[in-house]
Amino acid sequence: CQSWRSGLPAGQEEVDQIRQSSVRVIVYMSCGPRSFMQDANRLTGPGTTPAFELSWMRCYDMFPFTEHVETLGIFLRQEAG
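## Side note on the pairing of strand β1 (residues 25-30)
Of the two faces of β1, only the one carrying Ile26, Tyr28 and Ser30 is buried; Val25, Val27 and Met29 on the other face are not. Across 6 bridges, β1 lies against strand β3 (residues 70-77) in antiparallel orientation. Bridge assignment links Ser30 to a residue of β3, and that residue is Thr71.

## Description of the sheet that holds β3
Spatially, the 3 strands line up as an open sheet ordered β1-β3-β2, and their pairing is antiparallel. The sheet is open, and its two borders are formed by β1 and β2 (52-60), each paired with just one other strand. Pairwise comparison of adjacent strand axes, ignoring direction, gives a mean angle of 15° for this sheet. The pairing of β2 with β3 spans 8 bridges and is classified as antiparallel. The residue of β3 that forms the bridge with Tyr60 is Glu70. Along the sheet face, helix α2 (residues 33-44) touches β1, β2 and β3 and points at about 5° away from the line of β3.

## Some words on the packing of aromatic side chains
Here the structure, examined in full by the defined rule, presents 3 aromatic pairs. Judged by centre distance (5.6 Å) and plane angle (65°), the rings of Tyr28 and Phe36 are edge-to-face. Assigned by exposure class, Tyr28 and Phe36 land together as buried. Taken together, a centroid distance of 6.0 Å and an interplanar angle of 35° make the contact between Phe36 and Phe75 tilted. Taken together, the positions of Phe36 in helix α2 and Phe75 in strand β3 put the pair 39 residues apart, joining distant regions of the chain.

Cut-offs used in this document
Residues numbered from 1 in each chain as written. Predicted model: local features only at pLDDT ≥ 70, side-chain atom pairs only at ≥ 80, totals over all residues. Heavy atoms only, no water. Buried < 20%, exposed > 50% of the residue type's maximum accessible area, 1.4 Å probe, protein only. Helix = DSSP H or I, 4+ residues; strand = E, 2+ residues; numbered from the N terminus. Pairing = 2+ DSSP bridges. Axes fitted to C-alpha atoms, helices over the stretch in contact; angles between N-to-C directions. Contact = heavy atoms within 4.5 Å. Phe/Tyr/Trp six-rings, centres within 6.5 Å; stacked < 30°, edge-to-face > 60°.

So this is what it looks like as structure tokens:
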């Protein structure tokens, strides 16, 4: 796996920073479906801060004749309560 295909850093600190920020919408493009799903699970999973929900996702074949598929997702912050 190439480093630019690995998604968010492996530590939870970066995900916590995103979840604690005032960001309400994340437009996330990933070069690999596996890293997209790993990061989506981290952004939408349980935690001490409000999570995001995946509201839209689509895969794009931007490099025909290769095995690579780009995945675009839109995450919206869940309302607390």
